[in-house]
Amino acid sequence: MMLDTPTTQTIAPPEHFVSVKGLCKSFGNAVLYDNFNLDLPSNQLVSVFGPNGCGKSTLINMISGLTPFDSGEILIHDKPIRRARIGYVFQNYREAMLPWLSAFDNIAYPLRVKGVPEAECRDRVETLIQTFNIQLDLKRYPYSFSGGQQQLISIMRSMVADPEVLFLDEPFSALDFETTLFVRDKLQEIFETTKIPMFMVVHNLEEAVFLADTVLLLSKRPTRLVEMVSFTAPRPRTLDTLSSPEFIETSRHCLDIFRQEMRK
Amino acid sequence: MTATLSKPQRRTAGRPFLQNLDRLLPLVGVGVMFGLWWLIAISGWVNPVLLPTPWATLGTLATAMTTGDMFTDFLASVVRTFSAFVLAAVVGVPLGVLLGSSEKLYRSVEFLIDFFRSTPASALIPMFILFFGVSDFSKVIIAAFSALLLIVFNSAYGVLNARQSRILAAKVMGANRWQVFKDVLVMESLPQTFIGLRSGISIALVIVIVAEMFIGTEQGLGKRIIDAQQVLDVQDMYASILITGLLGYALNVLFLLGEKRVIHWSGK
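Let me sum up the structure you'll find in this document. All figures in this text were calculated on a predicted structure; none of them were measured in a lab. (Residues numbered from 1 in each chain as written. Chains lettered and ligands numbered in written order. Predicted model: local features only at pLDDT ≥ 70, side-chain atom pairs only at ≥ 80, totals over all residues. Heavy atoms only, no water.)

With respect to the sheet that holds strand S1 (residues 16-27) of chain A
All names here are of chain A.
Logical step 1: In space, the 4 strands of this open sheet follow the order S2-S1-S4-S5, with antiparallel pairing throughout. A single partner strand is all that each edge strand has here, and the edge strands are strand S2 (30-41) and strand S5 (79-80).
Logical step 2: Relative to S2, S1 runs antiparallel, the two being bridged by 8 bridges. Each residue of the ladder has a partner; that of phenylalanine 27, found in S2, is alanine 30. (Pairing = 2+ DSSP bridges. Helix = DSSP H or I, 4+ residues; strand = E, 2+ residues; numbered from the N terminus.)

Brief notes about the packing of aromatic side chains
Any aromatic ring pair is given by two values, namely how distant the centres are and how the planes are angled relative to each other.
Logical step 1: Evaluation of the coordinates by the stated rule reveals 22 aromatic pairs over all chains.
Logical step 2: Ring centres of Trp37(B) and Tyr238(B) lie 6.0 Å apart, and the angle between their planes is 50°; this geometry places the pair in the tilted category. Linking Trp37(B) in helix H3 (residues 25-43) with Tyr238(B) in helix H12 (residues 234-262), this pair joins segments that are 201 residues apart in sequence.
Logical step 3: Overall, Trp37(B) belongs to the buried group, its relative accessible area being 12%.
Logical step 4: Judged by relative accessible area, which is 22%, Tyr238(B) ranks as partly exposed.
Logical step 5: The lysine or arginine in question, Arg140(A), covers the ring of Phe145(A), its NZ or CZ lying 4.3 Å from the ring centre.
Logical step 6: Note that Arg184(A) overlies the ring of Phe210(A), its terminal NZ or CZ placed 3.9 Å from the centroid. (Phe/Tyr/Trp six-rings, centres within 6.5 Å; stacked < 30°, edge-to-face > 60°. Buried < 20%, exposed > 50% of the residue type's maximum accessible area, 1.4 Å probe, protein only. Lys NZ or Arg CZ within 6 Å of the ring centre and 35° of its normal.)

Some remarks on the packing of helix H5 (residues 70-100) of chain B against helix H6 (residues 103-118) of chain B
All names here are of chain B.
Logical step 1: Packing of H5 against H6 leaves a shortest axis separation of 7 Å and a crossing angle of 125°. With respect to H6, the axis of H5 lies oblique. Taken together, the residues of H6 that come into contact with H5 (itself represented by Leu98, Leu99 and Gly100) are Glu103, Leu105, Tyr106, Val109 and Ile113.
Logical step 2: In the contact of H5 with H6, the residues fall into 6 nonpolar, 1 polar and 1 charged. (Axes fitted to C-alpha atoms, helices over the stretch in contact; angles between N-to-C directions. Parallel < 35°, antiparallel > 145°, perpendicular 65-115°, else oblique. Contact = heavy atoms within 4.5 Å. Nonpolar A, V, L, I, M, F, W, Y, C, P; charged D, E, K, R; others polar.)

A closer look at the environment of Asp185(A)
Logical step 1: Here Asp185(A) is to be found in helix H7 (residues 177-194).
Logical step 2: Sequence-wise, Asp185(A) and Asp240(A) are 55 residues apart; in three dimensions their C-alpha atoms are separated by 13 Å.

Quick word on helix H9 (residues 245-263) of chain A
All names here are of chain A.
Logical step 1: Between the first and last C-alpha of H9 there are 27 Å, a value that for 19 residues agrees with the 27 Å anticipated at 1.5 Å per step.
Logical step 2: Turning to H9, its buried residues are Phe247, Thr250, Ser251, Cys254, Ile257 and Glu261. Seen along its axis, H9 keeps its buried residues to an arc of 125°; they face one direction. Set apart from the buried face of H9 by more than 90 degrees, the exposed residues are Pro245 and Arg263.
Logical step 3: Against helix H8 (205-211), strand S9 (214-218) and strand S10 (225-230) lie the buried residues of H9. (Expected span 1.5 Å × (residues − 1). Arc of directions from axis to C-beta.)

What is shown is where atoms sit, not what they do.
Set out below in structure tokens:
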């Protein structure tokens, strides 16, 4: 296990941070995925958009190992899921935080369960929050922070154990507009600094395009990959990006495809 | 408690006098009850032998608690109630958490728990006397048994109903089954466990008082109440009932306060 990681790395770094082959998943009689294939290009921020009930969240949960699937293969950096280091940000931060632990202990939790020594835990959390300039009193309990701050704390928690992939399930949908802007900027900063590939489910098309290198457009059930749209606007993307011709063009294209799919 | 106190504060900010008056509202009911009691006692509708005035009763309560032997009885009942409670909690919480951690295990004993929970514990007193005699231990065991059922059932439910999202969050962060159990399931069950503990100590007090009345004992509020009634010492009977009520109320408040401190995240 220690040996094959460097070998594969030296021969050729994996081209895909996620690859899905022949994935099948049904809930009762409803077929959600039937022979679904997907390759996500390395080092990208990929967002997923599709109609309600097409299984966006199920997809991210299967890839991150939270939901079992019926058949097929999922690899993260060419390794099986359970051997990959995964960070996961939940939609509902309030229900994903452990409210009996302070914000600091919440962030440190992934290290503690791995048995990292206490002093190192503290150091790594401190370094992390300094790197991203998080100025919060982390001795307080999670519920005493605002929604945006709580989501930021859960992003820090997902980052602390040095993940090789970050999964985000509708990270902004429980936030108001102003907070969304703030958390989105912070997420972009994290992506640019760490270059950790991210796979993000979003519930709104503009949101899907704005941060992404690649937007995955999914169809209605049984779910197919309709198109992978690439969006190459320079980073950091700001509010000006929203009015750039590139952004408008890409958004319109995505919307057209979405409409076609809805008509089917 | 803080919530009900802080509301009028916001509403009547700048009117501290009215705000202080609001705080006295719970005393209104008490005043009305004592007033009615007094009126009935002096009206002659009821034989004064059966109903002394509230002041005479409170006077008896004060003297009996400070100079008489009521405090010994009070202490005996308190010690029994707490012994029963501690016994029930020490066995009940781990047992409940264990049962709750496996849905199948819980379902297989659910009927038993529900059955005995629905059986009035006082109905079991004769059976316990058969097994444990009329000793002090016997009274504690009966009270502990009835508290145990409430505690087990509530702890188990707390674990069974733990929020799935937090379990998933811990799993995705790499926690193994034992870590999920101790870091998430047990903590998630605490609010429900506290409800069990609070109901448990209340039922323990009820059963201790009943057991003291019917099993017989040297000391205890239950025995004192029934003895006072037998010799028609009504002032002492009412005073003993009052102190028993105060004890029950104090236990409830104590547990509510403890709950607020420990389960600081509840409802947030």
